[in-house]
Amino acid sequence: MRRSIGWLLLSACALLRAQQAEVIYDEAKVPKYTLPELLKMRDGKKVADAKAWGNARRPEILALYESEVFGKSPAKPAKLDYEVTLADKAALGGTAQRKLVTIYFGEARKGPKMDLLVYLPAAASKPVPVILALSFAPVHTIANDPGVPLADVWVKDKKQPSLEKSRGSAAAQWQVEKILAAGYGLAVFCYDDVEPDFVGGMKHGIRPLFLKPGQSEPAAEEWGAIAAWAWASSRAMDYLEKDKGIDSTRVALMGHSRLGKTALWAGARDQRFSIVISNESGEGGAAISRRDYGERTKDLNSHFPHWFDGNFKKYNEREDEMPFDAHMLLALIAPRGLYVASAELDRHSDPRGEFLAAAHASAAWQLFARKGIGTMEMPGLHEPVGEHVRYHIRAGKHDVTAYDWEQYLKFAASEWGR
Ligand code: GCU
């Protein structure tokens, strides 16, 4: 008898675990949930206007995300150490001015450094708006430009020389010609320069430069890799502010997937970015966590423990206890331009969760008398909705496509004016 009760208990536990491990891809299985109210302070006070938002609620949400999710980052360095190399006025068949800018993070140019590749329209006669974006691969992959040297690439946990055939290999995801033809510049850096993306990659990146004496790793509320990549996006912005060819009041920050999570966090913190674009950023980015659909907090923390801070681990399978959710992260971008995009087959990122977060976040834009998404009805494929917060879902898989860029360029034109 005793044995059979024990056995029953064990089987019940195994069943529970199996159920917990099941990934939800069925809307009917999404649990009922209540989102934390966007326009209510944690002490219950209502947030009635833009002033209360900017002075009280925005800092409160920012502090929550800082300590509970991405971790605190260091202050802006007193001085940006950089060098411009490889300036060419007639790159890409004469359509672009190109520069490679090396940004140094360590003292005396020792330690990690990142390459920022900048293309501006060749014909530009005044400072141009720029799209700043993070890349998974070294910058020589974004266009077929023989003037850009091949950079080494991390393969698993080893750095290796790149092959010539990798030059321009990601061109379809970047659409450099379209961006230049729209009259904008494109500035790109590879996230691996800042910290290579694997467990244990930290020692090759910038985070050790900021450890306090006696510390061997960041504390539970200090930055993870996403916050490090985001911090570096702000250092790229520091450079863009110095470049006379660039209108730094009109810089959009764009990232795909984990780099979409990064763009959201960088844009939330650094209000110099006038537009933030999240391409399929999913869980830990634009998707509502409480929906439990697709990837979950626990998946992030177990597969990518280096991305978020130590405190974030306590929300594994406890999304309901989060004093925040993705609508609050998105609202930190208000009243600037925000674009959230999904792909139909990218169920892992929870497209509906991304839409709903953008729709719920829109209340923050309304405080500034700006229209956000403007509907709670998810649009069909290829039907972008919204004004200063815009959303689309396109056919196809997890990727960045020409269609996505066409929408981002239209959005930039409407935010920035022609
Ligand atoms: C994985 C991860 C996602 C992430 C994606 C990416 O799929 O689970 O959270 O967004 O990688 O960065 O491509």
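Each remark here, short or long, concerns the structure printed above.
Residues numbered from 1 in each chain as written. Predicted model: local features only at pLDDT ≥ 70, side-chain atom pairs only at ≥ 80, totals over all residues. Heavy atoms only, no water.

Undergrad: Sorry if this is basic, but what is going on with the pattern of salt bridges here?
TA: A side chain of one charge can pair with a side chain of the opposite charge if their charged atoms are brought near each other. The tally for this structure, following the rule as stated, stands at 34 salt bridges. In this structure, Glu164 engages Arg167 in a salt bridge whose closest nitrogen and oxygen atoms are separated by 2.8 Å. Glu164 sits in the partly exposed class, given a relative accessible area of 48%. A salt bridge links Glu280 to Arg394, with the nearest nitrogen and oxygen atoms 2.9 Å apart. Residue Glu280 is located in the loop between β9 (275-279) and α7 (297-303), and its partner Arg394 is located in strand β11 (residues 389-394); the two are separated by 114 residues in the primary sequence. The pair formed by Glu280 and Arg394 is uniform in burial state, with each residue classed as buried. If you follow the salt bridges from partner to partner, you end up with Lys76, Arg235, Asp238, Glu241, Asp270 and Arg272 in one network. (Salt bridge = Lys/Arg side-chain N within 4 Å of Asp/Glu carboxyl O. Buried < 20%, exposed > 50% of the residue type's maximum accessible area, 1.4 Å probe, protein only. Helix = DSSP H or I, 4+ residues; strand = E, 2+ residues; numbered from the N terminus.)

Undergrad: What is the right way to look at the site of the ligand in this model?
TA: Lining the immediate environment of the ligand, one finds Phe136, Ser257, Arg258, Lys261, Glu295, Leu300, Phe304, Trp307, His348 and His398. Between an oxygen atom of the ligand and a side-chain N or O atom of Glu295, the distance comes to 2.4 Å. The side chain of His398 places a nitrogen or oxygen atom 3.4 Å from an oxygen atom of the ligand. Taking 320 Å² as the accessible area of the ligand by itself, protein coverage stands at 84%. Class assignment of the residues belonging to the shell around the ligand gives a composition of 4 nonpolar, 3 polar and 3 charged. (Near = heavy atom within 4 Å. Polar contact = N/O pair within 3.5 Å; in protein donor to acceptor, adjacent residues only side chain to side chain. Areas by Shrake-Rupley, 256 points an atom, 1.4 Å probe, with all protein chains shown as cover. Nonpolar A, V, L, I, M, F, W, Y, C, P; charged D, E, K, R; others polar.)

Undergrad: Can you help me understand the layout of surface pockets in this one?
TA: Over the atoms rolls a probe the size of a water molecule, and in doing so it shows where empty space is left. Empty space within the largest pocket amounts to approximately 470 Å³. In this structure, the largest pocket is lined by 20 residues; those nearest its centre are Lys113, Asp115, Asp152, Lys159 and Asp193. When contributions to the lining of the largest pocket are tallied by element, the ones reaching two or more residues are β3 (113-121) and β5 (153-155). Volume-wise, the second largest pocket comes out at about 340 Å³. Around the second largest pocket, the lining is made up of 16 residues, and of these Pro77, Lys79, Tyr104, Phe105 and Gly106 lie nearest the centre. Within the residue set of the lining of the second largest pocket, elements represented by two or more residues are β2 (96-104) and α5 (225-242). The residue makeup of the lining of the second largest pocket, split by class, is 11 nonpolar, 1 polar and 4 charged. (1 Å grid on protein atoms, 1.4 Å probe; cavity = no way out; pocket = protein on both sides within 12 Å on 5 of 7 lines; lining within 4 Å. Points joined across faces, edges and corners; volume = space filled by probe spheres on them.)

Undergrad: What is the right way to read the packing of aromatic side chains from this model?
TA: Each aromatic ring pair is summarised here by two numbers: the centre-to-centre distance and the angle between the ring planes. Following the criterion strictly, the structure yields 22 aromatic pairs and no others. Geometrically, the ring pair formed by Phe210 and Trp231 is edge-to-face, given 5.3 Å between the ring centres and 70° between the ring planes. In this pair, Phe210 is assigned in the loop between β7 (185-190) and α5 and Trp231 in helix α5, connecting sequence segments 21 residues apart. Given the relative accessible area of 2%, Trp231 is considered buried. Taken together through their ring pairs, the aromatic side chains of Tyr65, Phe70, Trp265, Phe308, Phe312, Tyr315 and Phe324 make up a single cluster. The cationic tip of Arg235 hangs over the ring face of Trp231; the distance from NZ or CZ to the ring centre is 4.7 Å. (Phe/Tyr/Trp six-rings, centres within 6.5 Å; stacked < 30°, edge-to-face > 60°. Lys NZ or Arg CZ within 6 Å of the ring centre and 35° of its normal.)

Nothing here speaks to function; it is all geometry.
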